[in-house]
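Listed here are the chains, written in short residue letters.
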Amino acid sequence: GSRVPFYGQHQAGITTPPQNFICFAAFDVTASGSKALQKLFKTWTAAAAAMAEGKQVGEESSNLNLPPVDTGESVGLNPSQLTITFGAGPSLFDDRFGLASKRPPSFKDLPAFNGEQLEPQWCGGDIGVQVCADDMQVAFHAVRNLARIARGTAVLRWVQEGFQRTAQADPTGGTPRNLLGFKDGTANPAVSSAQDMNKIVWAQSGDGASWMAGGSYMAVRRIRMRIEIWDRSSLKDQEDTFGRYRASGAPLGSKNEFDPVDLNQKDEKGNLMIPADSHVALARGDGSIQMLRRSYSYSGGIDSKTGQLDAGLLFISYQRDLFKQFVSLQQKLSKSDRLNEYILHVGSAAFACFPGASKGGYIGDTLF
Ligand code: HEM
């Protein structure tokens with residue numbers, strides 16, 4: 001069907017196959033006290049569960065003198081696989097809400113990385129909400145109504161929409177291509193393996209914050225692509241940058257997209273087929289660091305300073321441990337990845353995404 005259940009052991013939107021569109025929203029809480037926060041999470045839970053069913057938020061009043069409860073733009077639309085995934089930013093674990101002692105030991109602001117040029121308007125947030133759907137209007141409606149419900153308690157800090165090829169445009173369901181033209185997501189771990197997801201994605205009760213068991217840590221990076229430079233580089237350069245062929249997505253030296261990646265394979269001159277500083281060689285390494293990537297392309301009009309397209313990747317990854325996985329890998333990539341010539345990290349945030357809520361409970365209830 002067209003719905004993804006909202007309630008469950010884990011939040012929807014993490015191992016859910018990526019929908020066509022994303023509308024990502026970061027909020028700052030303006031109220032203080034844990035009661036206000038709990039009330040917000042309870043109201044958001046009811047609204048999110050209703051919207052995931054394709055329903056409006058709240059009962060409509062027949063009073064013509066009141067504004068309608070729901071904003072109305074999704075009336076008559078099906079839920080379009082809507083998922084709404086909530087997470088707490090490091091800044092939520094402070095004295096405002098009495099949550100300082102609940103901060104998971106390895107969950108803090110991301111450190112500075114080599115080469116990044118972060119712009120404050122794309123960074124941080126007390127709460128992150130990843131809204132995905134197969135219809136942009138449905139996704140936007142969800143963000144708008146969550147923001148409306150939060151009035152007086154929380155305000156939007158930043159919002160970024162994103163897209164990938166739609167399922168309609170590719171009925172075969174092949175790996176989507178990013179805006180550099182390469183298939184992106186090939187080597188993701190299999191979400192069908194509960195064992196792998198428990199190892200790579202879901203926080204476990206013994207990990208240091210028992211309230212996070214069944215949740216996951218999300219890294220978000222708004223990464224601009226230097227499209228004009230990329231478009232002028234040769235196909236050989238492009239393929240050496242990733243370590244894969246552009247057309248097939250196969251690892252250099254192999255034939256098919258899902259062929260095993262052999263980082264030691266050499267050509268007849270003795271050179272590595274997959275350059276050691278290519279994105280795939282570095283990101284794969286010895287295979288000990290894995291994560292679940294769930295990124296979308298974004299386009300944000302034109303950069304007013306340069307007149308060039310502001311477009312790139314809204315990189316999102318989920319992991320069991322933010323520092324052991326995302327941070328260690330990004331530290332390595334930011335120093336030596338060939339891809340760095342063509343990209344620029346301009347936005348950054350991290351969120352501890354709660355375990356799933358059960359009916360009668362609410363999102364984040366294990367925290368209080
Ligand atoms: C693999 C693109 C940033 C982690 C790949 C692949 C592409 C790609 C085309 C190969 C196909 C695949 O397996 O999905 C990009 C682009 C980026 C970017 C365009 C920035 C605009 C990042 C960042 C990280 C990352 C910031 C994490 C810190 C990975 C990992 C793999 C991968 C773990 C799989 C490597 C393997 O096991 O073979 N990326 N990526 N990527 N990327 Fe990225």
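Here the structure is shown first, and the text comes after it.
Residues numbered from 1 in each chain as written. Predicted model: local features only at pLDDT ≥ 70, side-chain atom pairs only at ≥ 80, totals over all residues. Heavy atoms only, no water.

Looking at the coordination of the iron atom of the ligand
- When only protein atoms are considered, the iron atom of the ligand has one donor, His279 (NE2), at a distance of 2.1 Å.
- Within the fold, His279 resides in helix 6 (residues 279-284). (Donors = N, O, S within 2.8 Å, 3.2 Å for Na, K, Ca; no water. Helix = DSSP H or I, 4+ residues; strand = E, 2+ residues; numbered from the N terminus.)

Describing empty space enclosed by the protein
- Tallied over the entire structure, the rule returns one cavity of 30 Å³ or more.
- In this structure, the largest cavity is lined by Met51, Gly54, Lys55, Ser74, Leu77, Asn78, Pro79, Leu82, Val138 and His141.
- Of the residues in the lining of the largest cavity, the class split is five nonpolar, four polar and one charged. (1 Å grid on protein atoms, 1.4 Å probe; cavity = no way out; pocket = protein on both sides within 12 Å on 5 of 7 lines; lining within 4 Å. Points joined across faces, edges and corners; volume = space filled by probe spheres on them. Nonpolar A, V, L, I, M, F, W, Y, C, P; charged D, E, K, R; others polar.)

Observations regarding helix 7 (residues 323-336)
- Here helix 7 contains 14 residues, and its C-alpha end-to-end distance of 19 Å stays within 8% of the 20 Å for a straight helix at 1.5 Å per residue.
- Looking at the buried residues of helix 7, the elements they touch are helix 3 (194-200), strand 5 (216-225), helix 6, strand 8 (309-319) and strand 9 (343-353). (Expected span 1.5 Å × (residues − 1). Contact = heavy atoms within 4.5 Å.)

A look at the site of the ligand
- The ligand sits among 26 residues. The nearest are Gly185, Ala187, His279, Arg284 and Arg293.
- At a separation of 2.9 Å, a nitrogen atom of the ligand approaches a polar side-chain atom of His279.
- In this structure, an oxygen atom belonging to the ligand sits 2.9 Å away from a side-chain N or O atom of Arg284.
- Taken atom by atom, the bulk of the ligand overlaps the largest pocket.
- Of all the elements in the fold, those that place two or more residues in the shell around the ligand are strand 5, helix 6, strand 8, helix 7 and strand 9. (Near = heavy atom within 4 Å. Polar contact = N/O pair within 3.5 Å; in protein donor to acceptor, adjacent residues only side chain to side chain. Sits in = over half its atoms within 2 Å of the grid points.)

Concerning helix 2 (residues 136-150)
- With 15 residues, helix 2 extends 21 Å from end C-alpha to end C-alpha; this agrees with the ideal 21 Å at 1.5 Å per step.
- Packed against the buried residues of helix 2 are strand 1 (21-29), helix 1 (34-52), strand 2 (83-88), strand 3 (127-133) and strand 4 (154-163).
- Where helix 2 starts, the residue carrying a side-chain oxygen 2.9 Å from the main-chain nitrogen of Gln137 turns out to be Asp135.
- Gly152 lies just past helix 2 and shows a positive phi near 90°.

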